[in-house]
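# Summary of structural features
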Number of protein chains: 2
Amino acid sequence: MRYSKEHKQETHARIVKKASVRLREKGAHGIGVADLMKEAGLTHGGFYAHFDSREALVIEAFAYAMDRSIEHWRKIAAETPAEKRLSTIIDSYVSPVHRDDPGRGCAVPALGAEIARESAKTRKAFAAKLEQLIDVMADQIPDVPRKTARRQAMGTLATMMGTLVMSRVAGSGELSDEILLAGREAALARATATKKARAKVN
Amino acid sequence: MRYSKEHKQETHARIVKKASVRLREKGAHGIGVADLMKEAGLTHGGFYAHFDSREALVIEAFAYAMDRSIEHWRKIAAETPAEKRLSTIIDSYVSPVHRDDPGRGCAVPALGAEIARESAKTRKAFAAKLEQLIDVMADQIPDVPRKTARRQAMGTLATMMGTLVMSRVAGSGELSDEILLAGREAALARATATKKARAKVN
DNA sequence: CCCATTAAATGTCCATGGTCATATAATAGC
DNA sequence: GCTATTATATGACCATGGACATTTAATGGG
């Protein structure tokens, strides 16, 4: 065969990676196949040698973005003392940097609402990754039953991603910063809720 | 002039109302001008007699949806004893009914992420309504300075809308219900946070 | 009762976008 | 170095969608 054996999969990976950025920036329908291929330095024609359909790329690109988030949180957890893990994750997530750079950020606030309207296949792929992300956060919540940790993680993530959406709508002015501040506070309070409650009881 | 004087504005209002439903259901770019006009029982040609552009309709339709939410919350506040207002708002918002009927629900979880990518004009219109919604919720948070109430309202709304987005992605199964439960808990805790803190201190 | 006025319909234009058939070009093995 | 093989490129098709110029139809005032 021509081209080195890895050539195609390297190209495939490059398309997915670039697409995952642009899709988060422009929305699940905000950019076309031709432009996505151009991002990867290719022309639109070869697209269907790599993907069955545009939807297939969206699924892969989305999964890629979620894997990066999961990896990032795991890395923070590994590098940070236990008592600061949650606040570090929250502070990096609910931040102006993340708000202003959706292309490199979490796919849930960027694409969640749109994915909710896609086919069952797409939604299932998304939901599976979402659950993984929830579980990584639940891992950082100590001293409570797993089920409780999961529930708190869900509430915390909902607060974090909702805050990001609202702050992005508000642009980058005063209101937006106020929303970020409120969201950080709320997320941290939720993530550490049981610990506080236990402290109060004891 | 032909047609009764109110005919045009009635038609205009009908287009906006129908569009606000379909746009929430299908996304800000999920339905075209022709189909939106058909919803109102008209053909696509007359559209530009009513709106300068498609974007202008999106702005109006969105504002309409937000006004309905604001009205709804004010009505709950007026009909419910003070101590139950927040929990009533939260329970009706973070519910399976709302999750499964985005067309009649809050526009923030349905359209927020997409609006964040639109023109400054569209975002400003959205942000103004979002702030009104925050203020209505802040009005229901008693015994704290206005600034604190606003901040808690922001955190609570972020939790509520984030929960709805996540639960919609998850479809309507077990995971989705778990997310709703977690979100209700988190939102209520945040909305009443200071009250609890005060109770603890006293 | 008719005509000036204006709401809505018809029909068209052009750009964009997903899909795919076919052509081209690059290389690995003989 | 040929040739079989396979990754991209070219180019086209067709559907959708926003925009708008023009026509049709409805009605209230003269």
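Everything quoted here is computed from the prediction, not taken from an experiment.

On to the overall build of chain A, then. Assigned secondary structure in chain A consists of 11 helices and 0 strands. Moving toward the C terminus, one meets the helices and strands of chain A in the order α-α-α-α-α-α-α-α-α-α-α. Over its C-alpha atoms, taken along the principal directions, chain A stretches across nearly 70 × 40 × 30 Å. When burial is assessed residue by residue, chain A has 50% of its 202 residues classed as buried. Summarising the internal contacts of chain A: among those between residues at least 6 apart in sequence, 67% fall at separations of at least 24. For chain A, the accessible surface area stands at approximately 9600 Å², while carbon and sulfur atoms represent 52% of it. Placing the 34 positive and 25 negative side-chain charges of chain A at their respective mean positions leaves the two points 3 Å apart.

Moving on, we come to the nonpolar core. Counting residues in hydrophobic clusters, the biggest one holds 118 residues, and the most contacted among them are A:Leu130 and B:Leu130. Once residues within four sequence positions are removed from consideration, B:Leu130 is found in contact with A:Met166, A:Val169, A:Ile179, B:Met66, B:Val108 and B:Leu157.

So, on to the packing of helix α7 (residues 107–115) of chain A against helix α7 (residues 107–115) of chain B. Two elements in contact, α7(A) and α7(B), have axes separated by 8 Å at closest approach and are oriented at 125°. Viewed along their axes, α7(A) and α7(B) adopt a mutual orientation that is oblique. Taken as a pair, α7(A) and α7(B) cross one another with a handedness that is left-handed. Taken together, the residues of α7(B) that come into contact with α7(A) (itself represented by A:Pro109, A:Ala110, A:Ala113 and A:Glu114) are B:Pro109, B:Ala110, B:Ala113 and B:Glu114. Class assignment for the residues of the contact of α7(A) with α7(B) results in 6 nonpolar, no polar and 2 charged.

A few words now on the interface of chain A and chain B. On the side of chain B, 45 residues touch chain A, which itself brings 45 residues to the contact. Carbon and sulfur atoms supply 68% of the area buried between chain A and chain B, which totals about 3700 Å² over both sides. Where chain A touches chain B, the interface holds 8 salt bridges. The interface formed by chain A and chain B contains 11 residue pairs in polar contact (both at pLDDT 80 or more). For the side of chain A that touches chain B, the element with the most residues is helix α9 (residues 146–169) of chain A, which contributes 14 residues. Residue classes in the side of chain A that touches chain B are distributed as 24 nonpolar, 7 polar and 14 charged.

On to the UniProt feature "DNA-binding region" (unreviewed entry) in chain A, then. What UniProt calls "DNA-binding region" (unreviewed entry) maps, in this numbering, to residues 32–51 of chain A. As a span, residues 32–51 of chain A carries 55% helix and 0% strand, and end to end its C-alpha atoms are 14 Å apart.

As a further point, take the environment of B:Leu180. Residue and element names in this part refer to chain B. Inspection of the secondary structure assignment puts Leu 180 in helix α10 (residues 174–191). You can call Leu 180 buried: its relative accessible area is 2%. Once the C-alpha coordinates of Leu 180 and Ala 65 are considered, the two residues, 115 residues apart in sequence, prove to be 22 Å apart. Apart from residues no more than four positions distant in its own chain, Leu 180 is found in contact with Val 94, Ser 95, Pro 96, Arg 99, Thr 163, Leu 164 and Ser 167.

What counts as what
Residues numbered from 1 in each chain as written. Chains lettered and ligands numbered in written order. Predicted model: local features only at pLDDT ≥ 70, side-chain atom pairs only at ≥ 80, totals over all residues. Heavy atoms only, no water. Helix = DSSP H or I, 4+ residues; strand = E, 2+ residues; numbered from the N terminus. Buried < 20%, exposed > 50% of the residue type's maximum accessible area, 1.4 Å probe, protein only. Contact = heavy atoms within 4.5 Å. Areas by Shrake-Rupley, 256 points an atom, 1.4 Å probe, with all protein chains shown as cover. Lys, Arg positive; Asp, Glu negative; His and termini not counted. Charge placed at Lys NZ, Arg CZ, Asp CG, Glu CD. Core = buried A, V, L, I, M, F, W, Y, C linked by side-chain atoms within 4.5 Å. Axes fitted to C-alpha atoms, helices over the stretch in contact; angles between N-to-C directions. Parallel < 35°, antiparallel > 145°, perpendicular 65-115°, else oblique. Left-handed = near helix turned anticlockwise from the far one by under 90°. Nonpolar A, V, L, I, M, F, W, Y, C, P; charged D, E, K, R; others polar. Buried area = accessible area lost by both parts, 1.4 Å probe. Salt bridge = Lys/Arg side-chain N within 4 Å of Asp/Glu carboxyl O. Polar contact = N/O pair within 3.5 Å; in protein donor to acceptor, adjacent residues only side chain to side chain. UniProt positions renumbered as here; feature names shortened; annotations may be inferred.

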